[in-house]
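# Coordinate analysis (summary)
Given next are the chains, with one letter for each unit.
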Amino acid sequence: MDYAATTPADPRVIEAMNKCCGIGGAFANSASMHKLGRQAADVVNHARGQLGYLLNTSSDRLIWTSGATESNNLAIRGAAHARAHRGKHLITMLTEHKAVIDTFKALEKDGFDITWLAPRKDGILVIDDLAEVLRADTQLVSIMHVNNETGVVQDICAIGELCRENDVLFHCDAAQSVGKLEIDLQEIQVDLLSLTAHKFYGPQGIGALYISDQPRVGIFPITYGGGQEKSLRPGTLPVHQIAGLGSAAEIASAELRDNMQHVQSMRDRLWTGISDIPEILRNGDSESGYAGILNVSVSDVEGESLILGMDPVCVASGSACNSKDNDPSHVLRALGCSSIEAQAAIRFSFGRLTTPADIDFAIKQYRKTVEHLRSISPAS
Amino acid sequence: MDYAATTPADPRVIEAMNKCCGIGGAFANSASMHKLGRQAADVVNHARGQLGYLLNTSSDRLIWTSGATESNNLAIRGAAHARAHRGKHLITMLTEHKAVIDTFKALEKDGFDITWLAPRKDGILVIDDLAEVLRADTQLVSIMHVNNETGVVQDICAIGELCRENDVLFHCDAAQSVGKLEIDLQEIQVDLLSLTAHKFYGPQGIGALYISDQPRVGIFPITYGGGQEKSLRPGTLPVHQIAGLGSAAEIASAELRDNMQHVQSMRDRLWTGISDIPEILRNGDSESGYAGILNVSVSDVEGESLILGMDPVCVASGSACNSKDNDPSHVLRALGCSSIEAQAAIRFSFGRLTTPADIDFAIKQYRKTVEHLRSISPAS
Amino acid sequence: MQESRSYSEEVLELFSNLDHAGDLTIDSNQIFVAEVHESEEGARLVLFVCVNKGTIAQMRFRAWGCPHFLAGAEVVCREMEGVRVDAPYDAGVQYLMKRLDVPVQKTGKMLLIEDAAQQIIAAIQ
Amino acid sequence: MQESRSYSEEVLELFSNLDHAGDLTIDSNQIFVAEVHESEEGARLVLFVCVNKGTIAQMRFRAWGCPHFLAGAEVVCREMEGVRVDAPYDAGVQYLMKRLDVPVQKTGKMLLIEDAAQQIIAAIQ
Ligand SMILES: Cc1ncc(COP(=O)(O)O)c(C=O)c1O
Ligand SMILES: Cc1ncc(COP(=O)(O)O)c(C=O)c1O
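Residues numbered from 1 in each chain as written. Chains lettered and ligands numbered in written order. Predicted model: local features only at pLDDT ≥ 70, side-chain atom pairs only at ≥ 80, totals over all residues. Heavy atoms only, no water.

## Digging into the overall build of chain A
Put simply, the rule is: Strands are runs of DSSP state E lasting at least 2 residues, helices are runs of H or I lasting at least 4, and numbering of each runs from the N terminus. Put simply, the radius of gyration uses C-alpha atoms, and a globule should come to 2.2 Å times the residue count raised to 0.38. Buried means the residue's accessible area, taken with a 1.4 Å probe over protein chains only, is under 20% of the maximum for its type, while exposed means over 50%, and partly exposed covers the values in between. When checking whether two residues touch, look at their non-hydrogen atoms; a contact exists if any pair is within 4.5 Å. Values of accessible area rely on a 1.4 Å probe in the Shrake-Rupley scheme; residue burial ignores everything except the protein chains shown. Note that His is not counted, nor are the chain ends; the positive residues are Lys and Arg, and the negative ones are Asp and Glu. The location of each charge is read from NZ of Lys, CZ of Arg, CG of Asp or CD of Glu.
Along chain A, the regular secondary structure elements total 11 helices and 11 strands. For a compact globule of 380 residues, the expected C-alpha radius of gyration is about 21 Å, and chain A comes in at 22 Å, within 12% of that figure. When its C-alpha atoms are laid out on the principal axes, chain A stretches across 70 × 55 × 35 Å. The burial tally for chain A puts 63% of its 380 residues in the buried class. Put simply, of all contacts in chain A between residues at least 6 apart along the chain, 74% involve residues at least 24 apart. Per element, the accessible surface of chain A, about 13,200 Å² overall, is 51% carbon and sulfur. Between the centroid of the 34 positive side chains of chain A and the centroid of its 46 negative side chains there is a distance of 5 Å.

As C-alpha cells, this is what we get:
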C-alpha cells in the first residue's frame, strides 16, 4: 500500500538490466570492445526511444539523471540561472515535493523572487490565481502533475498554455504521473518535465529530464565535467539502469490503461470499506485525482502509532519524509488541514500488484487500529 | 584493455544486486512492508560498512552519490562555497579529470581564484610547488590520487599533511585508485575523497563521497530536497546499486593485493613486447605509477586510425573524452607532450580478467597497426 | 513520505500489549490522577492510580502519542503497580530513553512521562 | 577517455583494404603529384597519379589522418583510376561526407581531399 514511495521493479525490467550486466560480465574481454561500446550505446538509444514513445516525444529531448530529485534541481536551477538576465521572478506552489520546494528556497537565498501559490482546499490550483501573479519579469513556473501525498492532478494543459502565451517557461515534476497517466508531450506545452524510474516499476537511482526544443529551451548545467548528455549532465552513463528505465517505459506504454482501471477499482473498494468511520476525512480532490492514491485523516488518533498499528500493511503518514519527528505534512497544511489532522493522515497507494484481498486486509487493519487508538485516547 | 574507462561488474556484485531487486520484485506485497523498509535500510548500512572497511573509516562518513563526477562536484563546490567567507583561493592541477577541471572553471566564473599547478614531466606534483602557492586565503586543494590517463600516482600522504598544517581542505579524486591501491583513511589526512563503483567491478551510476569529521568538514549541498544523506545528497537511495558497490568493496578488500600483482605482471609483459618499437615513448612516471595503466605514444601515426586498426583490442586514445574531434589530451599536454605526440597516445589498461594471451594479442595488433600506418604516411 | 522507522523488540511488544491502557477497574477512595500534555500535535498522557493500604494497587493510563510514548506509559504503569507508595521510584526520562531505544528528538515527549510519574509520586506520598 | 566512435560498414571495409595506399608501381613521364595538409595534428595527404594515353592509369596516395580521411582518399583513388583525363570528376566534399557518413566536425579535413583531387584534375587536363 505504498506504491507512491517506490514500486518494486518489474521482472521484465530486471531481465533487461541483467542483460546489460551480463554483457559487461560475461563478454567484456571475449569480443570486440569496440562492438561492446556500440552495443552499450545502442542500449542507451533504445531506452531513449522507449521513453520517447511513452511520452510521445523525440528521444533526443531526453537527458538521463539519477532521479526526479536531480531532474527537478537541474530543470529549476538550470532554467532560473540561464534566464536570470531577463528577470528573476519565479512561481511555484506550496504543495510541491521537497525537491522542488527546497530548490526554490535555495534560489530565494540567491536573490530570486519566488511567488508561492496556494491551492484550493481540494488541492487544485486555480488557473486565474496563476494568471494573476504572472509578471513581466516572470521566467519560470514549476507545478507538479500528480501530487505525491494526495494524488491531486493539476491541469498542466491549461498551465502550459498560459505560460507559453506569456513566454514563461513551464517545468513540471511528473515523478508521480509518468507511466501511470497518459502524457502526450505533443499536446502539453511543457518545457521541462522531470521523472524517475522507480515510481513506475523501474529501478531506483535513474531518472530523466525532458527538455523541449520547440521553442528551444536553454538551461545551465548544475554539475560539470565531460560532455555527456549534451554537457548538461556529465558522468559515465549507467547502462543497466537506463535499460531498466527504458523497459519500464515500454511496459507502461502497453499496460497504462489497464493499470489505471485496476487502481481505480482498488481505490473505490478501499474508500467504500472505510468511509463510514466516524470523523474520517478525504484529503485532496476526490473526483479527478489520480486513483492510485487515497489520503485520509481521522480525529483523535496519532499518526505514527496508527501506522505501526496497521503493520504489516505499509502506508505513508502525513508526517513529512524528512528526519524531523512528526513534522506535519506541508502539503496537507497547504490544503487547510490543521496540524493535528495532518499528522493523523494516512496515504494509501496502490499499483499493479495490489489485490482485492490486500485492500480488504488494509481496511481491517485500519479500522481496528483507529478504534483501538481512539479507545485509549484521553479525549475519548 | 580499457579497464580504466569502466570495468565489467563482478558476478558476485550482480548477485548482490539481484538479491535486492528480488526483494522488491518477489516479496513486495507478501511480507510486511515495514520489514522490507528495514531490510532495505540494512542493505544500505551493510554496504556502508563494506566500503568503510575497504577505506578503513567509519561508515557514517560516507555519502552515496551517482558517481565520481557528482562526488567531485559536491566536494569541490560544496567546500568552496561553505568556506567562501574565509577566502576564495583554491588550488588544483592541470592533469585532473574533466569533472574536477570543469568544476573549478565554473567556480572561477563565480569569482573564485584558482591556481592551476603543472606537474613535472613525469606527471608527478612536486610538493614544494604546492607549498609555494599556498596562501592565507587558500581554502581547498584538490589533487587526484591515480591519474586516469597515465596511471601517475600522487603522494597524497604528503599533500594531506601539508594541507592539514596550513588549515586547508584537501579533496582527492580517487576514482581510479579505490579498490585498486591500498587507501587507509586513518593514515592519509584527506578531508574529502571521491569514488565510483564501476571502476572497481561495481555497477555504473553509483559512487560515494567520504567526508572527514576529524577535523569536522562542513560542505554545502549542490542539490536540494528531502533529508537523505545528511541533507547533503537528497533523493531516494538506489538500494540495489548501493548493494552492488558494497559487494564490490568487500571483494576488493579481499583481493586487492593479488590484483595489484596481476596487473603489474600484465603491464610488464606488454611493455616488454612493445618497447623496442622505434620512437616509442612512455607517458607518465614509469617507476611508481599504478600498474593497471600503460600510456604510450609513437611518432608518425594518427591516433584514431591507430585505435581502429587495433580493433578488436579496445584501448583509449590520447584524445579527450569529449565530443570535440581529436582534441589532444589536456593531461598529456600538461606533461609536455606536443599535440601530435598526444593525439597518437594510447592508454592500455588492465584488470582482473586480463590474461597473458590478451596482452600478447594486443602487442601483435599494436605493432602491426603502427607499422602499417607508418608505411602509408607521407612522412615515411 | 515517511521513512521506515525502526522500533526495538521491546517497544513492539509493549505497543501490542498496552495492558494498562484504559480506566481503573478497582474502586477506592484513594484515587489519584496526573495529566500532562505537550503542544497540540505532540502528546497527551493521563495517569490514573488507585492506592490501597500504602501500595499502588492499580495503575492505568490514557494516552495520545507515538509508539515510544505509549510504550513508555505502559512501562511506567507496569513498574509502579504493586509498589509501596513510599518506595523510591525513579523511572526518569534517561532510563526510558535508553530502555526503549528512543530517538533523541523525542526527548521532550518522553519527559512528559517523567513529569506525570513525578506528579503521581508527589500526590501519593 | 575516448568514446566509442562508430564507422559505417563501407568505411570499415575501405580502412581494412587501403589498396591504393603507397607509391606508384608504373613508371611514366606523365606523373602528377598533389600535396595538401591541415594544421599539424589535422591530416596530410599526397596523391600520385600516372597518366597514360589520356587515361589515369594508376593512382596512389599517402596519408596521415583519421579513418574517414584514409577511406576518403581510397575512394577517390578507386574512382579516378581508369577514368579519362578530360572526363568530369566531381567527388566533392559533400559526396564523400554523405557516402562515408562522416561526422560534420570533420568537414575541414574532408575538404582537403577535394582540394587534392581538384589539384590533380587541374594538372592533368
Ligand atoms: C512528486 C515527486 N517528485 C520527486 C520525487 C523524487 O524522486 P527521486 O527520489 O527518485 O529522486 C518524488 C519521490 O520521491 C516525488 O513523489
Ligand atoms: C579520475 C576520474 N575521476 C572521475 C571520473 C568520473 O566517474 P563517473 O563517470 O563514474 O562519474 C572518472 C571516470 O570517468 C575518473 O577516471
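## Thoughts on the interface of chain B and chain A
Many descriptions give the size of an interface as the accessible area lost when the pieces come together. Defined as follows: The term buried area denotes the loss of accessible surface (1.4 Å probe radius) that occurs when two parts are joined, taken as the sum for both partners. Salt bridges, as used here, are contacts in which a Lys or Arg side-chain nitrogen is within 4 Å of a carboxyl oxygen on Asp or Glu. Distance and chemistry together define a polar contact, namely a pair of N or O atoms within 3.5 Å, with one atom able to donate a hydrogen and the other to accept it when in protein, and with adjacent residues in sequence counting only for side-chain atoms on both sides.
Opposite the 51 residues of chain B that make contact, chain A presents 52 residues. Interface area for chain B against chain A, summed over the two sides, is near 4,000 Å², with a carbon-plus-sulfur share of 58%. Here chain B and chain A share zero salt bridges between them. On inspection of chain B and its partner chain A, the count reaches 13 residue pairs in polar contact (both at pLDDT 80 or more).

## Notes on the side chain of Arg60 of chain C
All names here are of chain C. Structurally, the position occupied by Arg60 is in strand β3 (residues 55-64). Judged by relative accessible area, Arg60 falls into the buried class, the value being 13%. Once residues lying within four places of it in the same chain are set aside, the contact partners of Arg60 are Asp19, His20, Ala21, Gly22, Asp23, Leu24, Thr25, Val46, Leu47, Phe48, Cys77 and Glu81.

## Here we look at the site of ligand 1
As a reminder, the rule being used: The rule for a residue being near a molecule or strand is that one of its heavy atoms must lie within 4 Å of it.
As a structural note, the neighbourhood of ligand 1 is formed by 15 residues, with Thr69, Asp173, Thr196 and Lys199 of chain A together with Thr236 of chain B the closest of them. More than one chain approaches ligand 1, the contributing ones being chains A and B. The separation between an oxygen atom of ligand 1 and a polar side-chain atom of His97 of chain A is 3.5 Å. Within the complex, the protein chains bury 94% of what would otherwise be the 390 Å² of accessible surface of ligand 1.

## Quick notes on the site of ligand 2
Rules: Gly counts as polar in this scheme, as do all residues outside two lists: the nonpolar Ala, Val, Leu, Ile, Met, Phe, Trp, Tyr, Cys and Pro, and the charged Asp, Glu, Lys and Arg.
Around ligand 2 lies a shell of 15 residues, among which Thr236 of chain A together with Thr69, Asp173, Thr196 and Lys199 of chain B are the nearest. In this structure, an oxygen atom belonging to ligand 2 sits 2.7 Å away from a side-chain N or O atom of Thr69 of chain B. Burial of ligand 2 by the protein chains amounts to 94% of its free accessible area of 390 Å². Sort the elements by how many residues they give to the shell around ligand 2 and helix α3 (residues 68-82) of chain B lands first, with three residues. Its residues assigned to classes, the shell around ligand 2 shows three nonpolar, 10 polar and two charged.

## A look at the sheet that holds β3 of chain C
Residues and elements named next belong to chain C. Put simply, the rule reads: In this analysis, strands are considered paired if DSSP registers two or more bridges between them. Note on method: axes are straight lines fitted to C-alpha atoms, helices fitted across the in-contact stretch only, with angles between N-to-C directions ranging 0 to 180 degrees.
Pairing within the open sheet is antiparallel, and its three strands lie in the order β1-β2-β3. Where the open sheet ends on each side, the last strands, each with one partner, are β1 (31-37) and β3. Neighbour-to-neighbour, the strand axes of this sheet turn through a mean angle of 15 degrees, independent of strand direction. Where β1 and strand β2 (residues 44-52) come together, seven bridges link them in antiparallel fashion. By the bridge assignment for β2, Glu35 is matched with Val46. Along the sheet face, helix α2 (residues 67-80) touches β2 and β3 and points at about 175 degrees away from the line of β3.

## Considering the domain arrangement of chain A
Residues and elements named next belong to chain A. For clarity, the threshold we go by: For each domain, the first and last residues come from an automatic or database assignment.
When cut into domains, chain A gives domain 1 (11-251) and domain 2 (256-375). Centre-to-centre, using C-alpha coordinates, domain 1 lies 28 Å away from domain 2. Tallying the contact residues gives 28 residues for domain 1 and 22 residues for domain 2. Between domain 1 and domain 2, a total of about 2,300 Å² is buried, with carbon and sulfur atoms accounting for 57% of that surface. The three residues of domain 1 that bury the most area against domain 2 are Glu149, Thr150 and Tyr201, which together make up 29% of that side's buried surface. Taken together, the links from domain 1 to domain 2 amount to one salt bridge. A salt bridge links Glu182 to Arg257; its shortest N-O distance comes to 2.8 Å.

## Considerations on the relation of the copies chain B and chain A
The condition is simple: The copies were overlaid by least squares, fitting only the C-alpha atoms of residues that reach a pLDDT of 70 or more in each copy.
When chain B is fitted onto chain A, the two copies agree to an RMSD of 0.0 Å after a turn of 180 degrees and an axial shift of 0.0 Å. Considering both components of the superposition, the chain copies are consistent with a two-fold axis. Among all residues of chain B, the one whose C-alpha sits closest to the rotation axis is Ser66 of chain B, at a distance of 3.2 Å. Interface overlap between copies: 100% of the residues of chain B at the interface are likewise at the interface in chain A, consistent with a symmetric, same-surface contact.

## Focus on helix α4 (residues 98-109) of chain A
Residues and elements named next belong to chain A. The line we're drawing: One less than the residue count of a helix, multiplied by 1.5 Å, gives the span that helix is expected to have.
Between its terminal C-alpha atoms α4 stretches 16 Å, which fits the 16 Å expected from 12 residues at 1.5 Å a residue. Within α4, nine of the 12 residues are buried, which leaves it mostly tucked inside the rest of the structure. Within α4, the full set of buried residues consists of Lys98, Ala99, Val100, Ile101, Asp102, Thr103, Phe104, Ala106 and Leu107. Here the buried face of α4 lies against α3 (68-82), β2 (89-93), β3 (113-117), β4 (138-142), β5 (169-173) and α9 (330-334). Directly beyond the C-terminal end of α4, a positive phi value near 100 degrees is found at Gly111.

## A closer look at the packing of aromatic side chains
The criterion, for reference: Classification of ring pairs uses Phe, Tyr and Trp, with its six-membered ring standing for Trp, and accepts pairs whose centres are within 6.5 Å; under 30 degrees between planes counts as stacked, over 60 as edge-to-face, and the remaining range as tilted. The criterion for a charge sitting over a ring is simple: Lys NZ or Arg CZ within 6 Å of the ring centre, and within 35 degrees of the ring normal.
Evaluated as defined, the whole model comprises six aromatic pairs over all chains. Centre to centre, the rings of Phe104 of chain A and Trp116 of chain A are 6.3 Å apart; their planes meet at 75 degrees, and the pair counts as edge-to-face. Of the two residues, Phe104 of chain A is situated in helix α4 and Trp116 of chain A in strand β3; the sequence distance between them amounts to 12 residues. Its relative accessible area of 0% is what places Phe104 of chain A among the buried residues. Just above the ring of Phe112 of chain B sits the side chain of Lys88 of chain B; from NZ or CZ to the centre is 4.7 Å. The aromatic ring of Trp271 of chain B is capped on one face by Arg282 of chain B, whose charged end is 5.1 Å from the ring centroid.

## Details of the arrangement of the chains
Taken together, the five pairs of chains in contact show their highest number of contacts between chains A and B. A minimum C-alpha distance of 40 Å separates chain C and chain D, which share no contact.

## Some remarks on the sheet that holds strand β1 (residues 62-65) of chain B
All names here are of chain B. Taken together, the seven strands give an open sheet; going across it, the order is β1-β7-β6-β5-β4-β2-β3, and neighbouring strands pair in mixed fashion. For this open sheet the edge positions go to β1 and β3 (113-117), each flanked by a neighbour on one side alone. Averaged over all adjacent pairs, the angle separating strand axes in this sheet is 20 degrees, with direction ignored. Inspection of the sheet shows β1 paired to strand β7 (residues 207-211) by four bridges, in the antiparallel sense. Bridge pairing in β7 links Leu62 to Tyr210. Sitting on the sheet, helix α4 (residues 98-109) touches β2 (89-93), β3, β4 (138-142) and β5 (169-173), and the angle it makes with β3 is about 145 degrees.

## What to know about unusual backbone geometry
Residue and element names in this part refer to chain A. In this chain, Asp311 is followed by Pro312 through a cis amide linkage whose omega measures 10 degrees. Within the fold, Pro312 resides in the loop between α8 (303-310) and β10 (316-317). Even without being glycine, Ser231 reaches a positive phi, approximately 65 degrees. Tracing the backbone through its elements, the reader meets Ser231 in the loop between β7 (207-211) and α7 (239-274). Residue classification places Ser231 among the partly exposed residues on the basis of a relative accessible area of 39%.

## A short note on the pairing of strand β6 (residues 192-196) of chain B
Residue and element names in this part refer to chain B. Counting buried positions along β6 yields five of five residues, so the element is predominantly enclosed. Burial of the side chains of β6 extends over both faces: Leu192, Ser194 and Thr196 are buried on one face and Leu193 and Leu195 on the other. With three bridges connecting them, β5 and β6 associate as parallel partners. For Asp173, the partnering residue across the bridge sits in β6 and is Ser194. Here β6 pairs with β7 via five bridges, running antiparallel. In the sheet register, Leu193 faces β7, and the bridge partner there is Tyr210.

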